[in-house]
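# Tertiary structure, described
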Amino acid sequence: MVGEMGGEGSRKSRAKVFCIGFNKTGTMTLHRYFELAGLDSSHDAMYQKQTRTLGQDELRSYLDAHDAFTDGERADYSRLAELYPDAKFILNTRGLKKWLESRVKHVFRQGGAALADPDSLDRPQPGFWSGPMAREYLNDPERAISDWVDRREFYHRAVIAFFDTTKPDDFIVVNITRNPTWQEDLDAFLGLAVRGRVREPIHQNTASANMSAYGLPERLQQVESVLHQKNIPTAEWENETFIGRG
C-alpha cells in the first residue's frame with residue numbers, strides 16, 4: 001500500500017510511485033492527483049534521465065526526496081525496481097496519433113517562447129530553452145515523428161514484458177485522456193483510502209501552442225503522413241501501448 005489518508009491527509013507509508021511513460025500523456029494531471037492524494041510529488045522533466053545517468057548513491061538521494069515522480073521519458077525501470085522493491089509503476093500513455101500531435105504542438109507552446117526567434121514563423125529554430133524533443137523535431141520534423149513512433153514502441157514492449165514477468169501486481173497502464181475511471185483505478189492500484197476528497201476536474205496543460213501560428217495545421221498533417229509511410233493501419237492510431245507489429 002502506497003499511502004492511507006485520513007480526514008487531514010496524513011501519510012501512513014511512503015512507498016515510491018514512478019510514472020514511467022512518455023511526456024504529453026497527462027503527467028501534470030497525474031502530478032496533481034498525487035498531490036491531492038497527500039503524496040509528495042515531483043514533476044521533473046529530468047527525472048527519468050536521472051535514472052539512467054546518476055550513480056547509485058546519488059540517484060537514491062535524489063529519489064528519496066519525494067514519494068511520486070512524473071514527466072520525462074524512458075526510465076531505467078529495472079534499476080528503479082531493484083532500488084525500491086515495494087514501488088508501484090505506472091505506464092502513463094495515450095493514443096498514438098494524439099500523442100504525436102501533442103508533442104508537435106508542445107514544440108511551439110507559449111507562443112514559441114522556447115524558440116530562438118519566436119517571431120520567425122517560417123523557419124523556427126531551437127532556442128536556449130528548447131529541450132531535446134524540440135531540437136530533434138525542428139532539425140527534421142518527419143524523421144523526428146518517425147523516430148518517436150519507433151522509440152515508443154520499443155520502450156512500451158520492453159516495459160510490459162519486464163513487469164509481466166517480474167512484478168505484474170506492481171504495474172498498471174493508465175490512459176487518463178480516455179478512461180473516465182482512471183482516478184478510481186489508481187486509488188485501488190495504489191491502495192489509497194481517500195475520504196472526504198472532492199472529485200474535481202484535474203489540471204490540464206494550458207500552455208498549448210497557438211494553432212494559427214508556425215503552420216501548425218500542416219505540421220499536424222505530417223503526423224498522418226508519417227503514420228501512412230510506416231504502414232500503420234488507421235485502426236491502430238489510437239493504440240495506447242505498442243502499435244501491434246511483430
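Coordinates for the structure precede this section.
Residues numbered from 1 in each chain as written. Predicted model: local features only at pLDDT ≥ 70, side-chain atom pairs only at ≥ 80, totals over all residues. Heavy atoms only, no water.

### Focus: helix α10 (residues 216-229)
Relative to the 20 Å expected for 14 residues at 1.5 Å per residue, α10 spans 20 Å between its end C-alpha atoms, a close match to the ideal helical length. Among all positions in α10, only Leu-216, Arg-219, Leu-220, Gln-222, Val-223, Val-226 and Leu-227 are buried. Projection of α10 onto a plane perpendicular to its axis shows the buried side chains occupying an angular sector of 135°, all on one side. Residues of α10 that are exposed and point more than 90 degrees away from the buried face comprise Glu-218, Gln-221 and Gln-229. Elements that come into contact with the buried residues of α10 comprise α5 (96-107), α7 (132-139) and α8 (141-166). One or two positions beyond α10, positive phi appears at Asn-231, with a value near 60°. (Helix = DSSP H or I, 4+ residues; strand = E, 2+ residues; numbered from the N terminus. Expected span 1.5 Å × (residues − 1). Buried < 20%, exposed > 50% of the residue type's maximum accessible area, 1.4 Å probe, protein only. Arc of directions from axis to C-beta. Contact = heavy atoms within 4.5 Å.)

### Some words on the environment of Arg-157
Tracing the chain through its elements places Arg-157 in helix α8. Here Arg-157 falls in the partly exposed class, since its relative accessible area comes to 28%. Taking the C-alpha atoms as reference points, Arg-157 and Thr-241, 84 residues apart in sequence, are found 7.8 Å from one another.

### Notes on the sheet that holds strand β2 (residues 41-43)
If you walk across this open sheet you meet the 5 strands as β2-β3-β1-β4-β5, and the pairing is parallel. Unpaired on one side and paired on the other, β2 and β5 (171-174) mark the two borders of the sheet. Sheet twist, expressed as the average angle between the axes of neighbouring strands with direction ignored, equals 15°. Its contacts with the sheet put helix α9 (residues 182-190) on β1 (17-19), β4 (88-92) and β5, and the angle it makes with β5 is roughly 175°. (Pairing = 2+ DSSP bridges. Axes fitted to C-alpha atoms, helices over the stretch in contact; angles between N-to-C directions.)

### Focus: the packing of aromatic side chains
One pass over the structure, following the stated rule, counts 19 aromatic pairs. Ring geometry for Phe-22 and Tyr-155: centres 5.4 Å apart, planes at 85°, overall edge-to-face. Of the two residues, Phe-22 sits in the loop between β1 and α1 (27-36) while Tyr-155 sits in helix α8, which places them 133 residues apart along the sequence. According to the relative accessible area criterion, Phe-22 is buried, its value standing at 1%. Positioned above the aromatic ring of Phe-189, the side-chain terminus of Lys-88 is 5.1 Å from the ring centre. Geometry around Phe-242 places Arg-157 over its ring, the cationic atom sitting 4.2 Å from the centre. (Phe/Tyr/Trp six-rings, centres within 6.5 Å; stacked < 30°, edge-to-face > 60°. Lys NZ or Arg CZ within 6 Å of the ring centre and 35° of its normal.)

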